[in-house]
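Next come the chains, spelled out residue by residue.
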Amino acid sequence: MNAIYDFSDQCGIVTGAASGIGKALALLLTESNADLVLVDRDKTGLEATVRACKEIRADALLAVDADVSKEQDVNRMVEETLVRFGTIHFLVTCAGILFRNNFTDISLPEWDEIMNTNVRGLFMCNQFVVREMLKQGNGTIVNVASVAGRSISLIGGVHYCASKHAVIGITRHMARELCAKGIRANAFCPGATSTPMIHDNLSADEIKQLKKRIALERLAEPEEQARTIAFMLSDAASYLNGACIDSNGGSVML
Ligand SMILES: NC(=O)c1ccc[n+]([C@@H]2O[C@H](COP(=O)([O-])OP(=O)(O)OC[C@H]3O[C@@H](n4cnc5c(N)ncnc54)[C@H](O)[C@@H]3O)[C@@H](O)[C@H]2O)c1
């Protein structure tokens, strides 16, 4: 993966960095000279990402083992970032979960679990980080939503779909409210991407059928999604605010 943008002198947080899109982004931003705080509740996966990043560049990396649905963990994430780097220039919220249950079979605990990570957790990460960004008068945020937030989910249940619509709503509202204070916020909406979220939830045959609904006839690679997020974070996207960037290979929306 070749770095396109230079994030020297910038420090940012990536949640969900142990796997998939978040891991690919951690590697790309490491190549791009960013000071990075990598966050995930999967400690083993997080350690593997840190090792891979350190093979590219050994310095300026902090790993925080945290569950974004827990207030004290998100507080600790921000505190540890400030202790180590003193500032937060950007935030990318990749941490997310998906369940596939049918509408009538979804229990309230399952509903709450999705919402606690994908919505409440994402909101807390944004709110706690924005409080710091406001002190410095600048910041850039990319919230990872989904094609499911633009239409319906072909994979997840109604709770997943609703959570991703919420991510877009949160992001657009933030963009409007915070832009005068120097903070840009945008939503990134991936289509089916070759990560554990897809491979752990779909059979090989289901993936084959899914590809038929995508104009490019293939899944995205996480590195392709990471490159678009890096653009959204960069100064090249200085006029991008409150946008939803679809990166779905031309999925046929329902
Ligand atoms: N893969 C896809 O096809 C696809 C499509 C659209 C949107 N997305 C979204 O992209 C984001 C990244 O997904 P991915 O495909 O890389 O999935 P993934 O499962 O590979 O990675 C998600 C990461 O988030 C972490 N995580 C989950 N809940 C957490 C929590 N409460 N606290 C801390 N970490 C937590 C997991 O441990 C994991 O490392 C998610 O928000 C997902 O909804 C993925």
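A brief look at the structure comes next. (Residues numbered from 1 in each chain as written. Predicted model: local features only at pLDDT ≥ 70, side-chain atom pairs only at ≥ 80, totals over all residues. Heavy atoms only, no water.)

Residues in close proximity to the ligand total 29 residues, the closest being S19, D40, Y160, T193 and T195. Taking R41, its main chain carries an N or O atom lying 3.4 Å from a nitrogen atom of the ligand. A distance of 3.0 Å separates an oxygen atom of the ligand from a polar backbone atom of C94. Protein coverage of the free-state accessible area of the ligand, which is 830 Å², stands at 94%. Elements with a contribution of two residues or more to the shell around the ligand: α1 (20–31), α5 (158–178) and α6 (196–199). If one sorts the elements of the shell around the ligand by residue count, α6 sits on top with three residues. Class assignment for the residues of the shell around the ligand results in 15 nonpolar, nine polar and five charged. (Near = heavy atom within 4 Å. Polar contact = N/O pair within 3.5 Å; in protein donor to acceptor, adjacent residues only side chain to side chain. Areas by Shrake-Rupley, 256 points an atom, 1.4 Å probe, with all protein chains shown as cover. Helix = DSSP H or I, 4+ residues; strand = E, 2+ residues; numbered from the N terminus. Nonpolar A, V, L, I, M, F, W, Y, C, P; charged D, E, K, R; others polar.)

A few words now on the nonpolar core. I13, M77, V129 and I141 are the most contacted members of the largest nonpolar core, which has 38 residues in total. Mapped onto this core, the elements with two or more residues apiece are β1 (11–15), β2 (35–40), β3 (61–65), α3 (71–85), α4 (108–136), α5 and β6 (183–190). Once you skip the residues sitting within four places of it in the chain, M77 turns out to touch I13, T15, V39, V64, C125 and V129. In this structure, A34, L46, V144 and A226 belong to the second largest nonpolar core, which totals 32 residues. (Core = buried A, V, L, I, M, F, W, Y, C linked by side-chain atoms within 4.5 Å. Buried < 20%, exposed > 50% of the residue type's maximum accessible area, 1.4 Å probe, protein only. Contact = heavy atoms within 4.5 Å.)

What follows is about the packing of α1 against helix α2 (residues 43–56). Where α1 contacts α2, the axes come no closer than 9 Å and their chain directions differ by 20 degrees. The angle between α1 and α2 falls in the class roughly parallel. α1 and α2 meet at a crossing whose hand is right-handed. On the side of α1, the interface is formed by K23, A26, L27, T30 and E31, while α2 contributes T49, A52, C53 and I56. For the contact of α1 with α2, a count of residues per class yields five nonpolar, two polar and two charged. (Axes fitted to C-alpha atoms, helices over the stretch in contact; angles between N-to-C directions. Parallel < 35°, antiparallel > 145°, perpendicular 65-115°, else oblique. Left-handed = near helix turned anticlockwise from the far one by under 90°.)

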